[in-house]
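# Summary of the model geometry
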Amino acid sequence: MSEHIHKVTEEWAKRALIDAKTYQEWYAQSVTDPDTFWGEHGKRIDWFKPYTKVKDTSFAPGNVFIRWFEDGTLNVAHNCIDRHLPHRANQTAIIWEGDDPSESKHITYQELHDRVGELANVLRNRGVEKGDRVTLYLPMIPEAAYAMLACARIGAVHTIVFAGFSPDSLASRIEDAGSKFVITADEGLRGGRKVPLKANVDAALKRVAGVDHVLVVRRTGGDVDMEPGRDVWYHEAIEQVTTEAPAVEVNAEDPLFILYTSGSTGKPKGVLHTTGGYLVYASMTHQYVFDYQEGDVYWCTADVGWVTGHTYIVYGPLANGATTLMFEGVPTYPDISRFWQVVDKHKVNIFYTAPTAIRSLMQAGEEPVKKTSRASLRLLGSVGEPINPEVWEWYRRVVGDDRTPIVDTWWQTETGGFLITPLPGAIDLKPGSATLPFFGVKPAIVDSEGKVLEGPAEGNLVITDSWPGQMRSIYGDHKRFEETYFATYPGSYFTGDGARRDADGYYWITGRVDDVINVSGHRMGTAEVESALVAHPKVSEAAVVGYPHDIKGQGIYAYVTLMEGEEPSDELRKELVAWVRREIGPIASPDLIQFAPGLPKTRSGKIMRRILRKIAEDEFGNLGDTSTLADPSVVDDLVDNRQNRH
Ligand code: WT7
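Here the residue numbers are simple positions, counted from 1 along each chain's written sequence. For a predicted model such as this one, the threshold for reporting local features is a pLDDT of at least 70, and the threshold for listing and counting side-chain atom pairs is 80 or more; totals across whole chains, interfaces and linings nevertheless cover every residue.

### Some points on the overall build of the protein chain
Keep this limit in mind: By definition, any uninterrupted DSSP run of H or I lasting at least four residues is a helix, any uninterrupted run of E lasting at least two residues is a strand, and each is numbered from the N terminus. As a reference, a globule follows 2.2 Å times the number of residues to the power 0.38, and the radius of gyration itself is taken over C-alpha atoms. Counting other C-beta atoms within 10 Å of its own, a residue is labelled buried from 20 upward, exposed at 12 or fewer, and partly exposed in the gap between, with every C-beta atom placed from the backbone.
A tally of helices and strands in the protein chain yields 21 helices and 31 strands. Computed over the C-alpha atoms, the radius of gyration of the protein chain is 24 Å, within 12% of the 26 Å expected from 2.2 N^0.38 for a compact globule of 646 residues. Taking all 646 residues of the protein chain together, the buried fraction comes to 53%.

Next comes the structure, spelled out in structure tokens:
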């Protein structure tokens, strides 16, 4: 497909906060003199005690530390709420759109203040102190945002577990974080179906000790067990307290949240983000990349269980005094026009979603989109995985009526905010490219030996210097932090992604180069799925790889070797899929399971995933060198089996 460039229109260059000239000037300063640049832009948020030091960071092997604005003090809830009250008390902070279209509400900044204050008091009265971890396992209801901000208000550290995760996954995250307090709901509601959140918490707490309090939001009114002394209803607890709670002064480098994400090993990593640099970066990227201006209605369709929800539903928008929409439901309920009905209902100006959602809506054709108005839309965004140029063009033409720019934002849980992204008034767009680095970001492309490649090149993507939103550590394991991100290419942060840079300096993300796969924009470690599979009594060995999937981007392909005497069957296949769902959660369900009498291994016993990936991709002619395998005939068997399934 030929490269189609969408130039910045005159109208956009004029109206946008950042034009091409400003982008170039600011970018140049941000990378040559980060202290001056960030010293200036750090002032976009309120500090109780202003910082005098700006950047203090090192990517040096064995001595990685990242500190920004380190002697400043602030409070995130103060920045997201209190400082707006003098002029925005009656402005809508959050528009909540329920799963059922008949349910929605507007929450003003004043109401947000009151709800967050009372919850902060509930937490404090039950002994939650600065630095304590609080686990949130909540559906997309306003209480999720209240809980995040209430933690921030008292200096507690929230750790959200996506409500689609299993009791086991929840238990291991509660344990790793050492949380004593859990906030959940009776049930979640998605696409008309109920999710038993409180029952999942009960199951998780049978496996992990140390949780003294469970606060339960009544969402559906469904039946739940309440354990006396431990479990308390949210609506009863807030009746006992006032809405005034002091926003405690915390240091810029005090933790704000921990969020677990998948890596190459079986154990999820607790990504630790701190306060000052994160908030500066979240608010600045949100404002400039979405060109957020006074009065705009902004909607990010992510879930607060992922980093996108943290930075671009809650912290970035609220720090900017924005109106942010929070959606409980799914794109296909009650029907496939839901996204666009919500856009029209609330006159959304800026809409941000994932390619997987667009791809699945594309299947139903243009009519479900075109029958809605969408006249309010000015800008579209994409995140989570590479967006195919065809999908990009459809998104712009059909959803954006050929008039909206699309910002394809590349970033990660670890980066806190956007690293490579267009600015709609400054950067010409190439469908499929995340375009150019944001202020302060220094990307580089390296080959497998770590040699930095100049000019047009393809290789592994690293970032050579720190930016304020960067994660600070893996919770409780700084050594693992250094080894995971800074050991592969010493002196640089390794993203785990591959990328190509073209002659214009534009970046094209090609996908993960490690054992992480991206399923519907959700990150999954192949090792996690493998551990779940081998925990099944009939499974002796498992190897999991990604393969191209029309809707999900990547699907989960599992090769499974059974225990002696066990027979492969479709029934067992179904049992294994259900097993993985139960062990990890529905997002980890294998799409394909191939029973394999043996897996291709080197003589030292290492599984050769490269070959398994090729077979899963149907690239049989291109298996590469198989001569180092202990038993090369295993491969023929796998290929035969795969072909028989077509
Ligand atoms: C991985 C990070 C923070 C965004 C939500 C996912 C992939 C993310 C893009 C994009 C191509 C993308 C990368 C990255 N990714 N955005 N615009 N284009 N790939 O966060 O779960 O931490 O996953 O998502 O592979 O490494 P995450």
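On we go from here.
### A look at the site of the ligand
Going by this rule: Any residue qualifies as near a molecule or strand once its backbone-derived C-beta atom lies within 6 Å of it. Gly is placed with the polar residues, together with every amino acid not listed as nonpolar (Ala, Val, Leu, Ile, Met, Phe, Trp, Tyr, Cys and Pro) or charged (Asp, Glu, Lys and Arg).
Close contacts around the ligand come from 22 residues, with Trp410, Gln412, Thr413, Ile509 and Arg523 the closest. Of the residues in the shell around the ligand, the class split is seven nonpolar, ten polar and five charged.

### Overview of helix H17 (residues 478–486)
Note the threshold: Think of it as the arc spanned by the lines of direction from the helix axis to the C-beta atoms. Here contacts are defined at the residue level, using C-beta atoms placed from the backbone and a cut-off of 7 Å between them.
All of the buried residues in H17 are Phe481, Tyr485 and Phe486. For H17, the arc enclosing every buried residue in end-on projection is 75°, short of the 170-degree limit, so these residues lie on one face. As for H17, its buried residues are in contact with strand S1 (55–60), strand S2 (63–68), strand S24 (473–474) and strand S25 (493–501).

### Some remarks on the domain arrangement of the protein chain
Heads up, the condition is: Note that the domain bounds were set by an automatic or database domain assignment.
When its domains are assigned, the protein chain resolves into domain 1 (109–251) and domain 2 (513–641). Measuring from the centre of the C-alpha atoms in domain 1 to the corresponding centre in domain 2 gives 37 Å. In this complex, domain 1 contributes five residues to the contact, which on the side of domain 2 involves six residues. Residues belonging to the side of domain 1 that touches domain 2 are distributed by class as follows: one nonpolar, three polar and one charged.

### Focus on the sheet that holds strand S17 (residues 323–327)
The pairing of strands in a sheet happens through backbone hydrogen bonds and is either parallel or antiparallel. For clarity, the cut-off: By definition, two strands form a pair when at least two bridges between them are found by DSSP. Axes, fitted as lines to C-alpha atoms, cover a helix only where it is in contact. Angles between the N-to-C directions of the axes lie from 0 to 180 degrees.
Strand order in this open sheet of seven strands is S5-S4-S17-S16-S18-S19-S20, and the pairing throughout is mixed. Unpaired on one side and paired on the other, strand S5 (104–108) and strand S20 (406–409) mark the two borders of the sheet. Neighbour-to-neighbour, the strand axes of the sheet open up by a mean angle of 20°, direction not taken into account. In terms of strand pairing, strand S16 (residues 297–300) meets S17 through three bridges, oriented parallel. Bridge pairing in S17 links Val297 to Thr323.

### Regarding the UniProt feature "domain: AMP-dependent synthetase/ligase" (unreviewed entry) in the protein chain
What counts, and what does not: UniProt positions are given in the numbering used here, feature names are shortened, and annotations may be inferred rather than shown by experiment.
UniProt marks residues 86–465 with the feature "domain: AMP-dependent synthetase/ligase" (unreviewed entry), using the numbering shown here. Taken end to end, residues 86–465 comprises 31% helix and 23% strand; its first and last C-alpha atoms sit 38 Å apart.

### Points about the environment of Ala237
Within the secondary structure, Ala237 sits in helix H10 (residues 234–237). Residue classification places Ala237 among the partly exposed residues on the basis of 19 C-beta atoms within 10 Å. When the C-alpha positions of Ala237 and Leu119 are compared, they lie 8.4 Å apart, and in sequence the two are 118 residues distant. When sequence neighbours within four positions are dropped, the list of residues in contact with Ala237 reads Val122, Leu215 and Val232.

### Description of the sheet that holds strand S21 (residues 443–446)
Pairing in this open sheet of five strands is antiparallel, and the strands run S22-S21-S23-S25-S26 from one edge to the other. The sheet is open, and its two edges are formed by strand S22 (452–453) and strand S26 (507–512), each paired on a single side. With six bridges connecting them, strand S23 (residues 457–463) and S25 associate as antiparallel partners. Paired with Gly459 across the strands is Ala499, a residue of S25.

### Comments concerning the environment of Trp508
For Trp508, the position within the fold is in strand S26. Not counting the four nearest positions on each side in its chain, Trp508 is found in contact with Gly432, Ser433, Ala499, Arg500 and Asp502.

### Considering the nonpolar core
The test is simple: Buried Ala, Val, Leu, Ile, Met, Phe, Trp, Tyr and Cys residues whose C-beta atoms connect them within 7 Å together make up a nonpolar core.
Counting residues in hydrophobic clusters, the biggest one holds 166 residues, and the most contacted among them are Leu123, Ala147, Leu149 and Ala150. Among the elements that line this core, the one with the most residues is helix H7 (residues 142–154), at ten residues. Of all hydrophobic cores here, the second largest spans 34 residues; its members include Ile517, Leu533, Ala558 and Leu612.

### Remarks on the packing of helix H18 (residues 526–534) against helix H19 (residues 570–583)
Helix-helix packing is characterised by the crossing angle of the two axes and by the distance between the axes. Filter applied, for reference: Note on convention: near helix rotated counterclockwise from far helix by under a right angle means a left-handed crossing. Clockwise means right-handed.
Contact geometry of H18 with H19 gives a least axis separation of 9 Å together with a crossing angle of 115°. The handedness of the crossing between H18 and H19 comes out as right-handed. Along the contact surface, H18 presents Val529, Ala532 and Leu533, while H19 presents Leu576, Val580 and Glu583.

### Points about the UniProt feature "domain: Acetyl-coenzyme A synthetase N-terminal" (unreviewed entry) in the protein chain
Those places that UniProt annotates as "domain: Acetyl-coenzyme A synthetase N-terminal" (unreviewed entry) correspond, in this numbering, to residues 23–80. Helix makes up 40% of residues 23–80 and strand 24%, with an end-to-end C-alpha separation of 26 Å.

### What about the environment of Gly498?
Counting through the fold element by element, Gly498 comes out in strand S25. Linking Gly498 and Ala357, residues 141 residues apart in sequence, is a C-alpha distance of 23 Å. Setting aside residues up to four positions removed in sequence, Gly498 forms contacts with Gly459, Asn460, Leu461, Thr510, Gly511 and Val513.

### What to know about the pairing of strand S29 (residues 539–549)
In this sheet, strand S30 (residues 553–562) lies alongside S29 in antiparallel orientation, the contact comprising ten bridges. Considered in S30, the bridge of His549 is made with Gly553. Counted along the chain from S29 to the antiparallel partner S30, the turn is three residues long.

### Focus on the packing of helix H6 (residues 109–125) against H7
Relative orientation of the contacting elements H6 and H7 amounts to 60°, with a least axis distance of 8 Å. In the crossing of H6 with H7, the sense of the turn from one axis to the other is right-handed. Along its contact with H6, which presents Arg115, Val116, Leu119, Ala120, Leu123 and Arg124, the element H7 presents Tyr146, Ala147, Leu149, Ala150, Arg153 and Ile154.

### What to know about helix H2 (residues 20–32)
The condition that has to hold: A helix is expected to span 1.5 Å multiplied by its residue count minus one.
For H2, spanning 13 residues, the distance from its first C-alpha to its last is 18 Å, which sits close to the expected 18 Å at 1.5 Å a residue. Within H2 the residues assigned to the buried category are Tyr23, Trp26, Tyr27 and Ser30. Within H2, the buried residues cover an arc of 105° as seen down the axis, which keeps them to one side. Away from its buried face, by an angle of more than 90 degrees, H2 presents the exposed residues Lys21, Gln24, Glu25, Ala28 and Thr32.

### Details of unusual backbone geometry
With an omega dihedral of -5°, the bond running from Tyr333 to Pro334 counts as a cis peptide bond. You can see Pro334 is positioned in the loop between S17 and helix H13 (338–346). In this structure, Asp618 is a non-glycine residue whose phi angle is positive, near 65°. Position of Asp618 among the secondary structure elements: in the loop between helix H20 (609–616) and helix H21 (633–644).

### Side note on the pairing of strand S8 (residues 181–185)
Taking burial as the measure, the five residues of S8 include five buried ones, the bulk of the element. Neither face of S8 is left uncovered, since the one carrying Phe181, Ile183 and Ala185 and the one carrying Val182 and Thr184 both have all their residues buried. Bridging between strand S6 (residues 133–137) and S8 involves four bridges; their strand directions are parallel. Following the sheet pairing, Thr135 is matched in S8 by Val182. Bridging between S8 and strand S11 (residues 213–217) involves five bridges; their strand directions are parallel.

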